[in-house]
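Next come the chains, spelled out residue by residue.
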Amino acid sequence: MWEILLVNGPNLNLLGTREPNVYGTTSLADIEEMVVRAGEKQGIKVHAFQSNSEGTIIDFLQEHRSANGIIINPGAFTHYSYAIRDCLAALSLPVVEVHISQVYQREEFRHSSVIAPVCIGQISGFGDFGYLLGLQGLLDYLTKQRGA
Ligand code: DQA
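The structure presented is a predicted model; accordingly, all values stated were derived computationally and were not measured.

Engineer: Would you explain the site of the ligand in this entry?
Structural biologist: Around the ligand, the neighbouring residues are Arg18, Tyr23, Asn73, Gly75, Ala76, His79, His99, Ile100, Ser101, Val103 and Arg110. Its residues assigned to classes, the shell around the ligand shows 4 nonpolar, 5 polar and 2 charged.

Engineer: It is not clear to me how the nonpolar core should be interpreted in this structure. Could you clarify?
Structural biologist: Side chains of a nonpolar character, in soluble globular proteins, are inclined to be buried together. Ile4, Ile71, Tyr131 and Leu135 are the most contacted members of the largest nonpolar core, which totals 22 residues. Looking at this core, the elements that each hand over two or more residues are strand 1 (3-8), helix 2 (28-41), strand 4 (95-99) and helix 5 (129-147). If you tally residues by element for this core, the top one is helix 5, at 5 residues. Beyond its immediate chain neighbours, meaning those up to four positions away, Ile4 contacts Ile44, Lys45, Val46, His47, Gly69, Ile71, Leu135, Leu138, Leu139 and Leu142. If you look at the next biggest cluster of nonpolar residues, it comprises 20 residues, including Cys87, Leu93, Val95 and Val114.

Engineer: How should I be thinking about the side chain of Ser81 in this particular structure?
Structural biologist: Relative to the elements of secondary structure, Ser81 occurs in the loop between strand 3 (69-73) and helix 4 (82-91). With relative accessibility at 0%, the residue Ser81 sits in the buried group. A polar contact of 2.9 Å, which involves the side chain of Ser81, links it to the backbone nitrogen of Ile84. Setting aside chain neighbours within four positions, we find Ser81 in contact with Glu54, Val114 and Ile115.

Engineer: Can you walk me through the packing of helix 3 (residues 54-63) against helix 4 in this structure?
Structural biologist: A pair of packed helices is captured by two measures, namely the crossing angle of their axes and the spacing between those axes. Packing of helix 3 against helix 4 brings their axes to within 10 Å, and their N-to-C directions diverge by 5 degrees. Looking at the two axes, helix 3 sits roughly parallel to helix 4. Contacts between helix 3 and helix 4 involve Glu54, Ile57, Ile58, Leu61 and Gln62 from the first element and Ala83, Ile84, Cys87, Leu88 and Leu91 from the second.

Engineer: In this structure, what is going on with helix 2? I would like to understand it.
Structural biologist: Because the α-helix completes a turn every 3.6 residues, residues three or four places apart line up on one side. Relative to the 20 Å expected for 14 residues at 1.5 Å per residue, helix 2 spans 20 Å between its end C-alpha atoms, a close match to the ideal helical length. Taken together, the buried positions of helix 2 are Leu28, Ile31, Glu32, Val35, Ala38 and Gly39. One face of helix 2 carries all of its buried residues, which in axial projection span an arc of 130 degrees. Among the exposed residues of helix 2, those oriented more than 90 degrees off its buried face are Ala29, Arg37, Glu40 and Lys41. Looking at the buried residues of helix 2, the elements they touch are strand 1, strand 2 (45-50) and helix 5. Remark: Gly43 follows helix 2 within two positions and exhibits a positive phi of approximately 75 degrees.

Rules of the game
Position numbers for residues start from 1 in each chain and track the written sequence from start to end. It should be noted that, the model being predicted, local features are given only for residues of pLDDT at least 70 and side-chain atom pairs only at 80 or more, the latter also being counted only at that level, while totals for whole chains, interfaces and linings use all residues. The side-chain quantities take in all heavy atoms of the structure and omit both hydrogens and water. We call a residue near a molecule or strand whenever a single non-hydrogen atom of that residue lies within 4 Å of it. Only Asp, Glu, Lys and Arg are considered charged in this grouping, and only Ala, Val, Leu, Ile, Met, Phe, Trp, Tyr, Cys and Pro are considered nonpolar; every other residue, Gly among them, is considered polar. Buried Ala, Val, Leu, Ile, Met, Phe, Trp, Tyr and Cys residues that are joined via side-chain atoms within 4.5 Å together make up what is termed a nonpolar core. Exposure is judged per residue with a 1.4 Å probe applied to protein chains only, and the accessible area is read against the type maximum: over 50% gives exposed, under 20% gives buried, and values in between give partly exposed. Counting from the N terminus, the helices are DSSP H or I runs at least four residues long and the strands are E runs at least two residues long. What makes two residues a contact is simply this: any of their non-hydrogen atoms within 4.5 Å. By the criterion applied in these results, polar contacts are pairs of N or O atoms within 3.5 Å in which, for protein atoms, one can donate a hydrogen and the other can accept it, and in which residues neighboring in sequence qualify only through two side-chain atoms. The convention used is that axes are lines fitted to C-alpha atoms, helices contributing only their stretch in contact, and that angles between N-to-C directions extend from 0 to 180 degrees. Throughout this description, any angle smaller than 35 degrees is read as roughly parallel, any larger than 145 degrees as roughly antiparallel, any in the 65 to 115 degree range as roughly perpendicular, and the remainder as oblique. Take the residue count of a helix, subtract one, and multiply by 1.5 Å to get its expected span. Read the arc as the range of directions from the helix axis to the C-beta atoms.

Structure follows, in structure tokens:
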């Protein structure tokens, strides 16, 4: 059974109440449940994790390096965490970067991602639905990789 890591970074634990005009009103628990259920329906185990700390995210990723793929919303770490990028590069698993908001319509500092170059793709602007898009993109990639 494929195991997918669903990782959310800083301040995403506040989803539901955090700037709802930007991030919507769905809680992180609800998003995690939605992705876990979508995975179950396709015979995939989704392991959800959130932390506000860079090192804790890296420890989690390293400890779960036997997974098949990663969906990650690194939050603000997207824009400057070379440490998370290096970790993802070291694991050499397929990674999908997800953003709830459309980062390219927002402040300039959000327009660049140091994580995207080590990802198979990036999803931005579809709200919490972006996590399901990320899951589908990753499963399609893994299925094609298996058949290759
Ligand atoms: C975010 C966008 C980031 O710029 C921001 O720092 C976040 C959330 C998003 O999901 O839209 O924390 O990753």
